[in-house]
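These are the residues of each chain, in order.
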Amino acid sequence: MKALIIVDVQNDFCPEGALPAPEGDKVVPVINKIINKFDLVVASRDWHPEGTVHFDKWPPHCVENTKGAEYHPDLHTEDIDVHLFKGTGNVDDGYSAFEATSDNLEKLLRKKGIDEVYVAGLTTEYCVRSTAIDSLKKGFKTWLVTDAVEGVRQNPGDVDKAIGEMAGLGIKMISSSQV
Ligand code: VGL
Ligand code: ZN
């Protein structure tokens, strides 16, 4: 059984947002195209309190109940089965959807009989990377949908480094047309 995990496709990670992936909105039509090919669709949202030590490291972004924390308006949210919130406390955690505070993602996937996990969304070097690595470590066969992720690209080479690391660990690379 196959699950799609859509990581943080939120306004603040898209152009004009507070912590933008320069081409973050490009993932939206790609995800919409594949969203119906899975037995289960899970989506996470970065959901921070106004004051958090996480913002010592990052510009304030995805503050709970703000426009920046909403899903990108074109994402087919009606096709999402499970909505997760992460990063909800005053700690620098929640980079992985498996650290969601609203649900136990690993338990939920096992209960649904999922053994294959496909990861898409934002951002490649941080929350996508952490989610895919956690998925693999927890024993799920894990794919990165390479044209359905975008990086925040703070330093040149960060995205390639993250993809190289994931591939080296055993995460499989797949394009949306092969899903
Ligand atoms: C993220 C930095 C800070 C992400 C979240 O979703 O990749 N990156 N918070
Ligand atoms: Zn964050």
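Everything below is about the structure shown above.
The structure contained in this document is the topic of the report that follows. Numbers given for residues are sequential positions, taken from 1 along each chain in its written order. Numbering of ligands from 1 and lettering of chains from A proceed in the order in which they are written. Totals for whole chains, interfaces and linings use every residue, but because this is a predicted model, local features are given only for residues with pLDDT of at least 70 and side-chain atom pairs only at 80 or more, for both listing and counting. As a convention, hydrogens and water are excluded, and side-chain values are obtained from all of the structure's heavy atoms.

With that settled, the discussion passes to the site of ligand 1. In this text, near means that some heavy atom of the residue lies within 4 Å of the molecule or strand in question. Every residue lining ligand 1 is accounted for by Asp8, Phe13, Leu19, Asp46, His54, Trp58, His61, Leu122, Thr123, Tyr126 and Cys127. Any N or O atom pair separated by 3.5 Å or less is treated as a polar contact, with the protein-specific requirement of one donor-capable and one acceptor-capable atom, and with residues adjacent in sequence counted only for side-chain atom pairs. A distance of 3.2 Å separates a nitrogen atom of ligand 1 from a polar side-chain atom of Asp46. Between a nitrogen atom of ligand 1 and a side-chain N or O atom of His61, the distance comes to 3.1 Å. About the coverage of ligand 1: the protein hides 99% of its 260 Å² of free accessible area. Only protein atoms enter the 1 Å grid used here, on which a cavity is any set of points holding a 1.4 Å probe that cannot leave and a pocket is any open set flanked by protein within 12 Å on both sides along at least five of seven lines; residues with an atom within 4 Å of a point are listed as lining. What decides whether a molecule sits in a cavity or pocket is whether more than half of its atoms lie within 2 Å of the grid points. In this structure the site holding ligand 1 corresponds to the largest cavity. Gly is put with the polar residues, along with every residue not named as nonpolar or charged; the nonpolar set is Ala, Val, Leu, Ile, Met, Phe, Trp, Tyr, Cys and Pro, and the charged set is Asp, Glu, Lys and Arg. Here the residues of the shell around ligand 1 are counted per class, giving 6 nonpolar, 3 polar and 2 charged. To measure how exposed things are, a 1.4 Å probe is used in the Shrake-Rupley method; for residues, cover is taken only from the protein chains shown.

Right, let's get into the environment of Thr88. Tracing the sequence through the fold places Thr88 in the loop between strand S3 (82-86) and helix H3 (105-111). Along the primary structure Thr88 and Thr101 are separated by 13 residues, whereas in three dimensions their C-alpha atoms are 7.0 Å apart. One polar contact links Thr88 to Thr101, side chain to side chain, over a distance of 2.8 Å. Secondary structure is summarised from DSSP: a helix means a run of H or I of at least four residues, a strand means a run of E of at least two, and numbering begins at the N terminus for each.

What follows deals with the pattern of salt bridges. Salt bridges are defined by distance alone: a side-chain nitrogen of Lys or Arg within 4 Å of a carboxyl oxygen of Asp or Glu. By the definition in use, this model includes 7 salt bridges. For Asp8, the salt bridge is made with Lys86, and the minimal N-O distance between the two is 2.7 Å. Taken together, the positions of Asp8 in the loop between strand S1 (2-7) and helix H1 (27-34) and Lys86 in strand S3 put the pair 78 residues apart, joining distant regions of the chain. Note on classification: 1.4 Å probe, protein chains only; a residue is buried when its accessible area is under 20% of the maximum for its type, exposed when over 50%, partly exposed between these limits. A relative accessible area of 0% places Asp8 in the buried class. Between Arg110 and Glu106 there is a salt bridge, with its nearest N and O atoms 3.0 Å apart. Note that Arg110 and Glu106 are positioned in helix H3 at a spacing of 4 residues, about one turn of the helix.

Attention shifts here to unusual backbone geometry. For the bond from Leu122 to Thr123, the omega torsion is -10 degrees, close enough to zero to count as cis. With respect to the helices and strands, Thr123 occurs in the loop between strand S4 (116-122) and helix H4 (124-137). Even without being glycine, Asp8 reaches a positive phi, approximately 50 degrees. Although it is not a glycine, Arg153 sits at a positive phi angle of roughly 50 degrees. You can see Arg153 is positioned in the loop between strand S5 (141-150) and helix H5 (158-169). Note on Arg153: relative accessible area 47%, which makes it partly exposed.

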